[in-house]
Amino acid sequence: MKAGAGLLSAVALFLLVGAVLSQNPPRKKPTKRPPPSRKPSVARPPRPPRPPRPTLPEPVEPTDLPPVILGTADMYADCPKVCTCSRTYPNTLFCENHNLRVVPVIPGRTHYLYLQNNFISELTAEPFANASEVRWINLANNRIHRIDKQVFEHLPSLLYLYAQRNQLKEVPAGMPASLEQLRLAKNRISSIPSGAFSKMGNLTMLDLYHNQLSDSDLGKNTFKDLHGLMQLNLAHNILKKMPLGVPKGVIQLFLDKNRIDGIPKDYFNDFSHLAFLRLNYNQLSDKGVPKTVFNISSLLDLQLAHNQLSSVPMFNSHLEHLHLNHNTIESINGTLLCPYSLEVEPEDLSLMPRLRYLRLDGNHLSPPIPMDVIMCFRHLHSIVI
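Nothing here was measured: the structure is a model prediction, and the numbers come from that model. (Residues numbered from 1 in each chain as written. Predicted model: local features only at pLDDT ≥ 70, side-chain atom pairs only at ≥ 80, totals over all residues. Heavy atoms only, no water.)

Trainee: How should the overall build of the protein be read in this particular structure?
Mentor: Looking only at helices and strands, the protein has 3 helices and 16 strands in total. Burial statistics for the protein: of 385 residues in total, 41% are counted as buried. In the protein, 45% of the contacts between residues at least 6 apart in sequence involve partners at least 24 apart. For the protein, the accessible area works out to roughly 23200 Å², and carbon and sulfur atoms hold 55% of it. (Helix = DSSP H or I, 4+ residues; strand = E, 2+ residues; numbered from the N terminus. Buried < 20%, exposed > 50% of the residue type's maximum accessible area, 1.4 Å probe, protein only. Contact = heavy atoms within 4.5 Å. Areas by Shrake-Rupley, 256 points an atom, 1.4 Å probe, with all protein chains shown as cover.)

Trainee: Could you clarify how one ought to interpret the environment of N99 in this entry?
Mentor: Structurally, N99 is set in the loop between β2 (92–94) and β3 (112–114). Linking N99 and L115, residues 16 residues apart in sequence, is a C-alpha distance of 9.8 Å. In this structure, N99 is in contact with P66, P67, V68, I69, N118 and F119, ignoring residues within four places of it in sequence.

Trainee: How should the side chain of D207 be read in this particular structure?
Mentor: With respect to the helices, strands and loops of the structure, D207 is situated in strand β9 (residues 205–207). Those residues within four positions of D207 in sequence are excluded, and the remaining contacts are L182, R183, L184, A185 and N233.

Trainee: Which parts of the structure should I look at to understand unusual backbone geometry?
Mentor: Negative phi is the rule for most residues except glycine; trans is the rule for most peptide bonds. For the bond running from P367 to P368, omega is 5°, close enough to zero to count as cis. Mapping P368 onto the fold places it in the loop between β15 (357–359) and α3 (371–376). Not every positive phi belongs to a glycine, and K186 is a case in point at roughly 55°. Tracing the backbone through its elements, the reader meets K186 in the loop between β8 (181–183) and β9. The exposure class of K186 is partly exposed, given its relative accessible area of 41%. Residues other than glycine seldom take positive phi values, yet Y281 does so here, at roughly 55°. In this structure, Y281 sits in the loop between β12 (276–278) and β13 (301–303).

Trainee: I tried to follow the state of the cysteines on my own but got confused; where do I start?
Mentor: Linking two cysteines covalently through their sulfur atoms gives a disulfide. With the rule as written, the count across this model stands at 3 disulfides. The partner cysteine of C83 in its disulfide is C95, sulfur to sulfur 2.0 Å. The sign of the 105° torsion about the S-S bond sets the C83-C95 disulfide as right-handed. Here C95 lies in the loop between β2 and β3 and C83 lies in the loop between α1 (2–23) and β1 (84–85), a separation of 12 residues in the sequence. As far as the burial class goes, C83 and C95 line up, both buried. (Disulfide = S-S within 2.5 Å.)

Trainee: Help me understand the nonpolar core, please; the structure alone is not making it clear to me.
Mentor: Side chains of nonpolar character tend, in soluble globular proteins, to be buried together. In terms of nonpolar packing, the biggest core is built from 90 residues, with F128, F197, L206, F268, L279 and F294 touching the most fellow members. The residues contacting F268, other than those within four sequence positions of it, are M242, I263, L274, L277, V293, F294 and I296. (Core = buried A, V, L, I, M, F, W, Y, C linked by side-chain atoms within 4.5 Å.)

Trainee: When you look at the packing of aromatic side chains in this model, what are you seeing that I'm missing?
Mentor: The way to describe two aromatic rings as a pair is by their centre distance and the angle between their planes. Under the definition given, this model contains 9 aromatic pairs. Members of the aromatic cluster, each reached through a chain of ring pairs, are F94, Y114, W136 and Y162. Stacked on the ring of Y162, the Lys or Arg R183 has its end atom at 4.8 Å from the ring centre. (Phe/Tyr/Trp six-rings, centres within 6.5 Å; stacked < 30°, edge-to-face > 60°. Lys NZ or Arg CZ within 6 Å of the ring centre and 35° of its normal.)

Trainee: What am I meant to see in the pattern of salt bridges here?
Mentor: One side chain can pair with another of opposite charge once the charged atoms of both are near each other. Counting across every chain of the model gives 6 salt bridges. Among the salt bridges present, the one from D256 reaches R278, with a minimum N-O distance of 3.1 Å. Here D256 is found in the loop between β11 (252–254) and β12, whereas its partner R278 is found in strand β12, with 22 residues between them in sequence. A salt bridge links D361 to R359; the nearest nitrogen and oxygen atoms lie 2.7 Å apart. Taking the relative accessible area as the measure of exposure, R359 reaches 26% and is therefore partly exposed. Linked by salt bridges that have partners in common, E122, R146 and D148 make up one network. (Salt bridge = Lys/Arg side-chain N within 4 Å of Asp/Glu carboxyl O.)

Trainee: Mind showing me how you'd approach the confidence of the model for the protein here?
Mentor: Reading predicted coordinates in detail is not appropriate for stretches of low pLDDT. Confidence in the prediction for the protein averages 86 pLDDT; 80% of positions are at 70 or higher. Across residues 1–5, confidence stays below pLDDT 50; counting only partners more than four residues off in sequence or on other chains, it has 0 contacts. With pLDDT under 50 throughout, residues 10–26 is counted as low confidence; its partners more than four residues away or in other chains account for 0 contacts. (pLDDT = per-residue confidence, 0-100.)

Trainee: So what exactly am I meant to see when it comes to the side chain of N138 here?
Mentor: Considering the arrangement of structural elements, one finds N138 in strand β5 (residues 136–138). Look at N138 and you get buried, because its relative accessible area is 11%. Not counting residues up to four positions away in its chain, the partners in contact with N138 are L113, Y114, L115, Q116 and Y162.

Trainee: Explain a nonpolar patch on the surface to me, please; I cannot follow it from the model alone.
Mentor: Taken together, the side chains of L342, M371, I374 and M375 present a nonpolar region at the surface, about 350 Å² in accessible area. Take M375: it is sitting in helix α3. (Patch = residues over 30% accessible without salt bridge, like charges linked within 9 Å, V, L, I, M, F, W, Y side chains within 5 Å.)

Trainee: I would appreciate a short explanation of the environment of L232 in the present structure.
Mentor: You can see L232 is positioned in strand β10 (residues 231–233). Classification of L232 by relative accessible area gives buried; the value is 0%. When the C-alpha atoms of L232 and Q252 are compared, they prove to be 6.3 Å apart, with 20 residues separating the residues in sequence. The residues touching L232, leaving out its near neighbours within four places in the chain, are L206, F223, V246, V250, Q252, L253 and F254.

Set out below in structure tokens:
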């Protein structure tokens, strides 16, 4: 009996403990969490290259040219809307960089006319009907391929005409006798009409640099009326010979970057004022250069760089600058070049050579400069070898 009661008590105790445990389950021992870590970087695939931007097509005249730029309103009723007039400069008409296709009507009060950097293709007479007072015109960097002869009939006072960087194929005809400077560089000129410079005795500067002039385009009478010419620039053409009929009073003669291979021995006879002569980048050799051709008393600056000379040509004692770089010179003899004997000092110091600058780099020479060169040319300040 006692044993049965004890069994019942044990069962009851077991049930009681189970009920308690079901209400308060035992806590698990907390596990130590790992420290937070940064999210690992994921390698992204490379971005595909951007497609190239589409290139805009070149403007096609006349529809795709930029619009004309209108000038600002001002006090002058005769000022063209496509230009600018200034109260500070009442005789000046500013029409440059305005995307113009044609020349506007020029007011009669205009003395100075700026038309450069536009898209003008030709000059006609109508806009210049009242422009008799114009003295200076800048037409540079347009697309001019034709200038009517009648234009200049309205410009009797014109002194300076700048028309470089255009598309002219010949020198304009009918230019006024008053003209003093004519700049036609970087065109396509391959022809100079007969009489183009007729009665232009006032012209002092003629620039025909970087055109397509050949020997046949320059006759002996081409420049015959240019008695006042002081500077003639025929550089960067296709000349093979020295040009004929160059006025004897010219001071500056530029013939760089042609194909000249020889100079007649009497070519510079009677050139009384020639001071600057440039023949760089030609095909001159000793055979084509007579021994005394550069013995010109007025010459101050002689440039013969980038030719085929193998010896130093003789020159006058008045010469101050001599450029002989990039030839084939192997030696230089001061005794032969010196205009006086090195054994006897000249009594007249004015006879002492005036050479101050001598450039010989790009030849087959090496330092030092021979002593006889130093002893003769005592005014030398700079020698490049």
